[in-house]
Amino acid sequence: MSLVHPVVPFEGTLIDDIASRMDLRVPNHEATVAVANAFDAAAGEPIEVICDLATAVGKTYLAGALIEYLAFSGIRHFVIVTPGRTIQDKTITNFTDGHPKSVLTGMDTRPMIITADNFNSGAVAAALADDTVVKLFIFTVQSLLRPDKSTRKTRKYQEWLGEDLYAYLRAQDDLVVLADEHHVYSKGAAFSAAVRDLDAMALIGLTATPVAADKPKVIYRYELARAISDKLVKTPVLVGRKDDRVDVDTRLRDGLLLLEAKQKTADDYAATTGKPPINAVMFIVADSIDNANAIADVLRKPGLFGDDYASRVLVIHSDAPDDALARLAAVEEPDSPVRVIVSVSMLKEGWDVKNIFVICSFRPSISEALTEQTLGRGLRMPWGAYTDVELLDTVEVLSHERYAQLLAQAGILLEGLVPDRTVVIPVPSPVPTPGMAAPGDGSVAVTTTELGADEVEVTAAVATTVPGTGDPETITPTVVIASVEQRTADAQAQAAAVAQPVKARTDVKVNIPKLIRTITTRNFNLSSVPDAPFTALGKGLAGGAGTSFERKLLIVVEDDTAPTGYRLVPTDAASTIAASTPELPFGGAAQAIKQAILGFDFVPTDKAALNAAKRFADAVVAGAGGEQALASYVNAASHACHQILRKAWHASPPVITTVINDAPFNPARVNARTVEPNRYGKFSRKVAYSGWGRCLYPLNWFDSTPERTFANVVDSDDQVAVWTRIQRGEMTVEWNEGRYTPDFYVRAAQGTHYLVEVKADKDVDTALVQAKKQAAEDWARYVTDAGDYGTWSYLLVTEKVLTTAKTAKAVVAQSAT
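Residues numbered from 1 in each chain as written. Predicted model: local features only at pLDDT ≥ 70, side-chain atom pairs only at ≥ 80, totals over all residues. Heavy atoms only, no water.

## Quick look at the packing of helix α10 (residues 248-273) against helix α11 (residues 289-299)
Packed helix pairs are specified by the crossing angle of their axes together with the interaxial distance, meaning the distance between the axes. Closest axis-to-axis distance for the α10/α11 pair is 11 Å, and the angle between their directions is 65°. Classified by the angle between their axes, α10 and α11 sit roughly perpendicular to one another. Where α10 crosses over α11, the two elements pack in a sense that is right-handed. Residue-level contacts link V248, D249, L252 and L256 of α10 to I295, V298 and L299 of α11. Split by residue class, the contact of α10 with α11 holds six nonpolar, no polar and one charged. (Axes fitted to C-alpha atoms, helices over the stretch in contact; angles between N-to-C directions. Helix = DSSP H or I, 4+ residues; strand = E, 2+ residues; numbered from the N terminus. Parallel < 35°, antiparallel > 145°, perpendicular 65-115°, else oblique. Left-handed = near helix turned anticlockwise from the far one by under 90°. Contact = heavy atoms within 4.5 Å. Nonpolar A, V, L, I, M, F, W, Y, C, P; charged D, E, K, R; others polar.)

## Remarks on the sheet that holds strand β32 (residues 753-759)
Backbone-to-backbone hydrogen bonds pair the strands of a sheet. The strands run either parallel or antiparallel. If you trace the four strands from one edge of the open sheet to the other, you get β28-β31-β32-β33, paired in mixed fashion. With one partner strand each, in any of the chains shown, β28 (720-725) and β33 (792-798) form the two edges of the open sheet. Recorded for the sheet is a direction-independent mean angle of 20° between the axes of neighbouring strands. When β32 meets β33, the two strands line up parallel, connected through seven bridges. Directly across from Y754, in β33, lies its bridge partner S793. Contacting β32 and β33, helix α24 (residues 767-786) crosses the sheet at an angle of about 155° to β33. (Pairing = 2+ DSSP bridges.)

## Overview of the sheet that holds strand β5 (residues 175-180)
Read from one edge to the other, the open sheet built from seven strands follows the order β3-β4-β2-β5-β6-β1-β7, with strand pairing classed as parallel. If you trace the sheet from one side to the other, it starts and ends with β3 (112-114) and β7 (218-222), each paired once. Sheet twist, expressed as the mean angle between neighbouring strand axes with direction ignored, is 15°. Pairing of strand β2 (residues 77-82) with β5, which is carried by five bridges, proceeds in the parallel orientation. Counted as the bridge partner of V81 is A179 from β5. Running over the sheet, helix α4 (residues 85-94) touches β2, β4 (135-140) and β5 and is turned about 160° from β4.

## Focus on the nonpolar core
Core analysis: the largest hydrophobic core is formed by 79 residues, its most contacted members being F39, F95, V176 and I204. In terms of residues, this core owes the most to one element, helix α3 (residues 59-72), which gives nine residues. V508, V713, V714 and Y789 belong to the second largest nonpolar core, which has 57 residues in total. (Core = buried A, V, L, I, M, F, W, Y, C linked by side-chain atoms within 4.5 Å. Buried < 20%, exposed > 50% of the residue type's maximum accessible area, 1.4 Å probe, protein only.)

## Remarks on empty space enclosed by the protein
A full pass over the atoms with the stated rule returns two cavities of 30 Å³ or more. Counted as a void, the largest cavity has a volume near 90 Å³. R241, R251, S399, H400 and E401 are the residues nearest the centre of the largest cavity, which is lined by 16 residues in total. No other element matches the five residues that strand β13 (residues 394-402) contributes to the lining of the largest cavity. (1 Å grid on protein atoms, 1.4 Å probe; cavity = no way out; pocket = protein on both sides within 12 Å on 5 of 7 lines; lining within 4 Å. Points joined across faces, edges and corners; volume = space filled by probe spheres on them.)

## A few points about the environment of S652
With respect to the helices and strands, S652 occurs in the loop between α22 (634-651) and β24 (654-661). For S652, a relative accessible area of 7% corresponds to the buried category. In this structure the C-alpha to C-alpha distance between S652 and T521, which are 131 residues apart in sequence, comes to 9.8 Å. Leaving out residues up to four positions away in the same chain, S652 has contacts with R522, N523 and F524.

## Quick word on unusual backbone geometry
In this model, A56 sits at a positive phi of 85°, which is unusual for a non-glycine residue. Structurally, A56 is set in the loop between β1 (47-53) and α3. One non-glycine residue, D388, lies in positive phi territory at about 65°. The residue D388 is located in the loop between α14 (372-375) and β13 in this model. With relative accessibility at 13%, the residue D388 sits in the buried group.

It is worth stressing that arrangement in space is one thing and function is another; only the former is reported here.
Okay, structure coming up:
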């Protein structure tokens, strides 16, 4: 018979709790909301939805958040399907408590991990029989394929999970399948049936590259363009030679020169800031196994690139030695000797390391190197956030193309970051003139800006929408196109200029309060919960319709014919319990259910709670038609009561405690940029401006011309006591969609404090900017009303204001209107 799936109502406050505890990035928070809404709308009907998240923004954290959310709603069976063993092993470590890459930090749920290696153990059998335990099955899709006569000869039978466990999974009405790299299992693909034959209540696809046919199933999308714009991943730098040399030796030397410059800069940064050291690695993409081996042979030639590289090259392909994957898994470890990885196609998906700084493509076209799965290998940030050291916040992509060809293809290259849109190529000549092309209908305006000799920054003004709102938003993904000669010279100059600490002044103090919001309890009253769901529960149990409580015990028995020597025997748990359960005394079921309810950690112990618990228990008994009808289902009924009341508890208003910590604002900073004393000349994001008179720090760098303009205005105004640029993450305002860092802090001479955001005119009215403005204004009111931290205000300053306002007072006056 078809299963009746549980209903999972939307619980926004619970999602906010989870996002805070797990420190979710904005896209993972937004995607969790989108999936929760899909469950709510489904009302118990099976669903298949996809979250299209850019590579390197943390899909595993989304999986963890969804497991946490659904587990609180009573879901107990989860399957994560991976396209291969590499991703499976990574996923297992991600959900292993205490592992450095575990996502369980911040999660209350500690699922029982079940794999093809341990599913026939006694511990797993006990967990399968306990419906209070959250089970997380992590399988490769190959293990879900049923062997047949033709495959048994070539494939070990133990890769198949077996009829017993497969049948167990299909029998669960609350089975949720999380399909990692969902595009591998799309309908029509080889593995489609293996996933869909599980008949889960939900199939949630996680991918950065959904196939075209699956686009209607996408309920949330976070483009790579937006990830670059939001600085959640490194900025790509496309590097080509100005001459015609494309031989292997030359291209490898180019890559290694950049790699060595990045390594020196990373060493200096770690030594200056006290952060852990990072081994910079170059990732080489070959087009065949023979070419991969040939590239490795070149790198290992004595004296060609220095003797060190002979032992620092790791080749990964299907014919590689057995220990290659073990060396690959350790490539982030401080003692790993690997500095160059040569791969054919094995590392396109699921290989997540943070120390790839150079990608060298030996494929025919740069567009192949810029596919999201390949580029994604180098997008992750080594220390988890931007360092504001340009050489460490970028990934170099070297290719066949010459510098002039890269420039001519600027618009086309950006198209890979902005899928499903028409990109306007700025100028059809080999060397584009800086400027903006006029976009047509449905197009994207591409801007090129000269950064220096042989270096151009390319941005696309992309009109998109704020997820979940439909409101417009503009994002500006950026890539840099540079010649090898110029890029190498810049990199070596940065590496030579050791990253120096930038210390705050000691003659002036800045304090920015930190607000910490915590949900301490909820305004929950059992009297607000009606009898109806408890009556329905009793009816379902007595009438056999309660399919959510039908379960099977998998008993482990010895079997010499099985590959492992054991097999699992499904046993109907309910009938076994019924056969051995004596008749209950009058009132026994109601009393047991009542006591279970009073034992729930969120239920109070006052007189009203005692009466309400009795009311709920009586409703269950009445729905079942009497005590004896519940003889086999007391435990199941108690568990279901827990789910009903837990949902009601989460839906009740939270009691939020806000604590203010008032600490000095003087975060450690380092600078590897060229110091530029002219604060009024041509703007560049690649320099650190000096010569400030009222700033907390002697050096400052900015993301845009308006930001520098604002800094110049407040620094020259004697009505300003002190100001500082706030770098990303140094101070945050919490809001419903995550955390927000304003651009500036300013303290006026009369004592008023300002948080300031500088925005382009075109972005001011977007829903996202306005939502952040509201959050910052709320923050300012809260701190002001606390009474101990002075008067605070928030300013949203536009380009238009900065064209006319030449004093801080004028900026305040015009921004307040």
